[in-house]
Amino acid sequence: MDLSCTPEEEEFRARLREWLAKVLPTLPAKPPPDDWPGRRACDLGWQRMLYDAGYADVHWDSSPTMRLIFLEETEKAGAPYVGANFVGLLHAGPTIAAEGTTEQKDRWLPPILRGDEVWCQGFSEPDAGSDLAALRTRARRDGDDYVVIGSKIWTSHAEVADWCELLVRTDPEAPRHKGITWLAMPMDAEGVTVRPLRTLAGSTEFAEVFLDEVRVPVGNRVGAENDGWRVTMVTLSFERGTAFVGEVVACRRVLGELARTARENGRWDDPVLRRRLGRLNAEFRALWRLTQWNVSEAEAGGGVPGVGGSVFKLSYSHARQELYDTAAEVLGPDCLDLDRPWVLDRLSSLSYTIAAGTSQIQRNIVAERILGLPKGR
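The rules behind the values
Residues numbered from 1 in each chain as written. Predicted model: local features only at pLDDT ≥ 70, side-chain atom pairs only at ≥ 80, totals over all residues. Heavy atoms only, no water. Core = buried A, V, L, I, M, F, W, Y, C linked by side-chain atoms within 4.5 Å. Buried < 20%, exposed > 50% of the residue type's maximum accessible area, 1.4 Å probe, protein only. Helix = DSSP H or I, 4+ residues; strand = E, 2+ residues; numbered from the N terminus. Pairing = 2+ DSSP bridges. Salt bridge = Lys/Arg side-chain N within 4 Å of Asp/Glu carboxyl O.

Q: Got a minute to help me understand the nonpolar core in this structure?
A: Note that soluble globular proteins tend to have their nonpolar side chains buried in a common cluster. Within the largest apolar cluster, 27 residues are counted, with the highest numbers of intra-cluster contacts made by Leu89, Ile96, Trp119, Leu167 and Trp182. Residue assignment for this core shows that the elements contributing at least two residues are α4 (86–99), α5 (102–114), β4 (163–169), β5 (180–186) and α6 (228–241). For this core, the element with the most residues is α4, which contributes 6 residues. Listed in part, the 26 residues of the second largest apolar core include Phe312, Ala327, Cys335 and Val343.

Structural data, given as structure tokens:
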């Protein structure tokens, strides 16, 4: 498999580097972590800059390799993350681009690309745990609308979102994976209540969402009724396939910073720590190669990442946790100081074996869909 870039791709990389070097020094200061209206404005302002420069549609209309180059270079340059708009850009938008009608693409994709609208993800539920197919939020058809009753949890950026990619059960009598439908729900609809959740790190990027007789137009359904599980697999393939690319680059940078800090504070003299840093370096290099392989597979498969994304997600989640456990070793007693670099990152890393599909779920996917092992009884 050829993992090298074409001349066209290298030209794109050089042009992007030049643009980033010019615009990044002009950006305003970031707002405080819990100023979500301010963070929304900041994140969407960056997205508008990307749009005006012709880079906004790289997640959808460019090849997976171009997408990889974009994520790699923006992370290396320290550019802002997509932030409050990550569901729209990395999950909902690509899903609508792959599965939506022409009218749906015309309605929802341009506002996401311009930085006009924010999306959140309404998948997880309080009683479903890691079993997404056990969702209980129901939607009954009433003329030209679905009437939705239920609740969602861990809904990222719900408090500042305009739209929600929502999974509902439209046929409670169907087998678990067959009676689910994917809807685009306006967050300002009557009956939607949002209650922010505070994480271990003290942030409130997640929320509970309560749905009381919320009316969602049938025209907001992406895919056929009761075919939402298949559409959801498209969404999750993007979530697990390329959405973490920038974070791999960031972890490799942190690893280098850890090595420098260890040399400065004397912890480099510990041979066990040095071996651990070396092994992590090899692991993240392997994850980067795996990312390139997944991107090449997506190129051959029409642009949608395959189940190899689950291998990546499983490995990356544990590597990230070990990286920040190692950071605590390097920092020593300072690892308890929340104002020190890497401390809050260590707390947030604890969620990675749960977020975007638990490690147990990823192992099941690898076992059944890649290795061909039988399902457990």
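Now that the structure is up, let's keep going.
Q: Help me understand the pairing of strand β2 (residues 138–142) in this model?
A: Each regular strand displays side chains that alternate between the two surfaces of the sheet. Examined bridge by bridge, β2 and strand β3 (residues 145–152) share 5 bridges and lie antiparallel to one another. Bridge pairing links Arg138 to Ile149 in β3. Adjacent in sequence and paired antiparallel, β2 and β3 are bridged by 2 residues, among which Gly143 carries a positive phi angle near 65°.

Q: How do you make sense of the pattern of salt bridges when you look at a structure like this?
A: Side chains carrying opposite charge are able to pair once their charged atoms draw close together. Here the structure, examined in full by the defined rule, presents 23 salt bridges. Between Arg195 and Glu208 there is a salt bridge, and its shortest N-O distance comes to 2.6 Å. With Arg195 in strand β6 (residues 192–197) and Glu208 in strand β7 (residues 206–217), this pair connects stretches of sequence that are 13 residues apart. A relative accessible area of 45% places Arg195 in the partly exposed class. Across the salt bridge formed by Glu322 and Arg279, the nearest N and O atoms sit 2.5 Å from each other. With Glu322 in helix α9 (residues 308–331) and Arg279 in helix α8 (residues 271–300), this residue pair connects regions lying 43 residues apart in the sequence. Take Glu322: its relative accessible area is 18%, and that puts it in the buried class. Of the residues examined, Arg279 reaches a relative accessible area of 43% and is grouped as partly exposed. Linked through salt bridges whose partners overlap, the residues forming this network are Glu10, Arg13, Arg17, Glu72, Glu73 and Lys76.

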